[in-house]
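# Survey of secondary and tertiary structure
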Amino acid sequence: MSFSQKYQQLPTVDKDAGEQESLQRKDPRKRRFPLFVIAIIVIMCASLPCIRMIRSRGFWAACHASPQRHSSTLAKLPSHYTLPSGDKIPSVALGVWQASKGEVGNAVTTALAAGYRHIDGAWIYRNEEEVGQAIKTSSVPREELWLTSKLWNTFHAPEDIEAALDQSLSMLGTEYLDLYLIHWPIAFKKEGNNILDEDLTADPYPTWQKLEELVDKGKIRNIGISNFNIRRIQNLTANKLKYQPAVNQVELNFWNPQPELLKWSKENGLLLEAYSPLGSNQQVGNSLSVPEVKNVACKLGITPAQVIISWSVQRGTIVLPKSVTASRIVENLEVFEIPQEDFELLEKAAASHPPQRVVNPSMGWKLPFDVFDGQ
Ligand SMILES: NC(=O)c1ccc[n+]([C@@H]2O[C@H](COP(=O)([O-])OP(=O)(O)OC[C@H]3O[C@@H](n4cnc5c(N)ncnc54)[C@H](OP(=O)(O)O)[C@@H]3O)[C@@H](O)[C@H]2O)c1
């Protein structure tokens, strides 16, 4: 049977429709039209990652070569880590330091709508009330949220801790925190301006014991530390703790990757949280322009910020990018598995220069030592 004979045997629904169809088949321009539409759709889909990158980084900073992969082909990274308490902490949080009043509420609203379930805040950020309002007006049930706050240096004395915690709870509009951290291993006297309390700085155990008590009271689900180096962690854990620190929140980014602390923490079962992952306000531009970061972004069809945030999760840490810009908030939540050779390349590039911190208040607080000394 010839092709034209076979073709004539195809069933037709009704006569007019069949005539219409055969007319269309006879017109080659009309036959090509659906193919043309499909081609346009394919081209649009393929260029989406580039459009996203151009939107977030500007046209001239975008890929020189077209991305070799589309992010939808990349595996996702773990969305949660499990803490010793059994609680699951989301691996990406919205950081709200330096998110000023009047903008932090919108940032939290955008983040919750985008799917964030983890907000990293602190009493000293002075925006917990607006964060709490945004949470209240969202439809996200409290039990789906992970709220972190931090005990400020002035409240380390055991008798001051519960009142400081209660203030954060009340401003956030919640009965409990998922995580409460000792913000710095530095205690200030309550009176005066940043006057060092030498005893509580040298020995944070009394502070820790009070935090343990507040866990038992149900006001905090997990307790942890922040800005503690190995020596200071060991100084605390040498005591007979009822609850081990659940996390240590420290600066981790391309400029200060701290591979030794990361290795030690993994060996000792202590989860790290990466703060200032993009290098904070001062270094974010430089971080996103690192050639290795840009190359991996182009190769994977994701943005440089997504490369850095994904790298952080792939290193086995929680990551806390801050943004008050709606498109960036959405962008920062999407993390992807980076192929092993690219991951190693980033790790090597980050370790190939002398470490440089963006956050170190030692001089500003006029401490007689550097808070990070004696690693
Ligand atoms: N425990 C501690 O002592 C401590 C210390 C520092 C930070 N932290 C925590 O870590 C969080 C993050 O650290 P951080 O705020 O220092 O710095 P970061 O997250 O490294 O950087 C924030 C800066 O990057 C910009 N940005 C964010 N996403 C971007 C994107 N996709 N593309 C381009 N630019 C982008 C932000 O701009 P816009 O906001 O204008 O979009 C902002 O200028 C803090 O908010 C806080 O929760 C804790």
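Here goes a summary of the coordinates provided. What you are looking at is a predicted structure, and each value in this text was computed from that prediction instead of being measured. (Residues numbered from 1 in each chain as written. Predicted model: local features only at pLDDT ≥ 70, side-chain atom pairs only at ≥ 80, totals over all residues. Heavy atoms only, no water.)

## Side note on the packing of aromatic side chains
Heads up, the rule is: Pairing of aromatic rings covers Phe, Tyr and Trp, the last through its six-membered ring, and needs centres within 6.5 Å; plane angles under 30 degrees mean stacked, over 60 mean edge-to-face, and all others mean tilted. We call a residue buried when its accessible area falls under 20% of the maximum for its residue type, exposed when it is over 50%, and partly exposed in between, using a 1.4 Å probe and counting protein chains only.
Evaluated as defined, the whole model comprises 7 aromatic pairs. With centroids separated by 5.0 Å and ring planes inclined at 80 degrees, the aromatic side chains of Phe 254 and Trp 255 adopt a geometry described as edge-to-face. Judged by relative accessible area, which is 5%, Phe 254 ranks as buried. A relative accessible area of 15% places Trp 255 in the buried class.

## Considerations on the packing of helix H4 (residues 104-114) against helix H14 (residues 326-333)
To be explicit about the condition: Axis lines are fitted through C-alpha atoms, for helices just across the contact stretch, and the angle between N-to-C directions can take any value from 0 to 180 degrees. Going along the chain from the N terminus, every DSSP run of H or I of four or more residues is numbered as a helix, and every run of E of two or more is numbered as a strand. With respect to orientation, any angle under 35 degrees is reported as roughly parallel, any angle over 145 as roughly antiparallel, any angle of 65 to 115 as roughly perpendicular, and every other angle as oblique. Should the near helix be turned anticlockwise from the far one by less than a right angle, the crossing is termed left-handed; should it be turned clockwise, right-handed. Should any heavy atoms of two residues lie within 4.5 Å, those residues are considered in contact. For this classification, Asp, Glu, Lys and Arg are treated as charged, while Ala, Val, Leu, Ile, Met, Phe, Trp, Tyr, Cys and Pro are nonpolar and the rest, including Gly, are polar.
Where H4 contacts H14, the two axes come as close as 9 Å, and the packing angle between them is 40 degrees. Between H4 and H14, the angle falls in the class oblique. Our pair here, H4 against H14, has a crossing hand that is right-handed. For the pair H4 and H14, contact is made by Ala 107, Thr 110, Ala 111 and Ala 114 and by Ala 326, Ile 329, Val 330 and Leu 333, respectively. Grouping the constituent residues of the contact of H4 with H14 by class yields 7 nonpolar, 1 polar and no charged.

## Some words on the site of the ligand
So the rule is basically this: Near residues are defined by distance, with any heavy atom within 4 Å of the molecule or strand qualifying the residue. The term polar contact refers here to a pair of N or O atoms within 3.5 Å; inside protein, the definition further demands a hydrogen-donor-capable atom paired with an acceptor-capable atom, and it admits residues adjacent in sequence only when both atoms are side-chain atoms. The Shrake-Rupley method, run with a 1.4 Å probe sphere, supplies the accessible areas, and residue values consider only the shown protein chains as cover.
Close to the ligand lie 30 residues, the nearest being Asp 120, Leu 278, Ser 280, Ser 323 and Thr 325. Taking Gln 249, its side chain carries an N or O atom lying 2.9 Å from a nitrogen atom of the ligand. In the environment of the ligand, a nitrogen atom lies 3.4 Å from a nitrogen or oxygen atom belonging to the side chain of Glu 331. Starting from 910 Å² of accessible surface for the ligand in isolation, the protein chains cover 93%. For the shell around the ligand, the secondary-structure elements that each account for two or more residues are helix H11 (280-288) and H14. No other element matches the 4 residues that H11 contributes to the shell around the ligand.

## Quick notes on helix H12 (residues 291-300)
All of the buried residues along H12 are Val 293, Val 296, Ala 297, Cys 298 and Leu 300. Immediately beyond the C-terminal end of H12, within one or two residues, lies Gly 301, with a positive phi of roughly 70 degrees.

## Some remarks on empty space enclosed by the protein
Applicable threshold: Here a cavity means grid points, on a 1 Å grid over the protein atoms only, where a 1.4 Å probe fits yet cannot get out; a pocket means an open set of points with protein on both sides within 12 Å along at least five of seven lines; lining residues are those with an atom within 4 Å of a point. Grid points are joined across faces, edges and corners, and a volume is the space filled by probe spheres set on the points.
Summed over all chains, the structure comprises 4 cavities of 30 Å³ or more. Quantified by volume, the largest cavity comes out at close to 60 Å³. As for the largest cavity, its lining consists of His 156, Ile 182, Trp 184, Pro 185, Ile 186, Leu 200, Thr 201, Pro 204, Phe 228, Arg 232 and Asn 235. Residues of the lining of the largest cavity, tallied by class, amount to 7 nonpolar, 3 polar and 1 charged.

## Notes on the sheet that holds strand E8 (residues 247-251)
We count it as follows: For two strands to count as paired, DSSP must find a minimum of two bridges between them.
The strand order across the open sheet formed by 8 strands is E3-E4-E5-E6-E7-E8-E9-E10, and the pairing between neighbours is parallel. The open sheet is flanked by strand E3 (94-95) and strand E10 (318-319), the only strands paired with a single partner. In this sheet, strand E6 (residues 179-182) lies alongside strand E5 (residues 146-151) in parallel orientation, the contact comprising 4 bridges. By the bridge assignment, Leu 151 is partnered in E6 with Ile 182.

## So, the packing of H4 against helix H5 (residues 128-137)
Packing of H4 against H5 leaves a shortest axis separation of 8 Å and a crossing angle of 35 degrees. In this structure, H4 crosses over H5, and the sense of that crossing is right-handed. Judged by residue contacts, Val 104, Gly 105, Val 108, Thr 109 and Leu 112 of H4 engage Glu 130, Val 131, Ala 134 and Ile 135 from H5. Counted by class, the contact of H4 with H5 contains 6 nonpolar, 2 polar and 1 charged residues.

## Points about the layout of surface pockets
Within this model, the largest pocket holds a volume of roughly 760 Å³. The set of elements that each furnish at least two residues to the lining of the largest pocket consists of helix H3 (28-57), H11, helix H13 (304-314) and H14. With 4 residues, H11 is the largest single contributor of residues to the lining of the largest pocket. Residue composition of the lining of the largest pocket, grouped by class: 19 nonpolar, 14 polar and 6 charged.

Shape descriptors only; they carry no functional weight alone.
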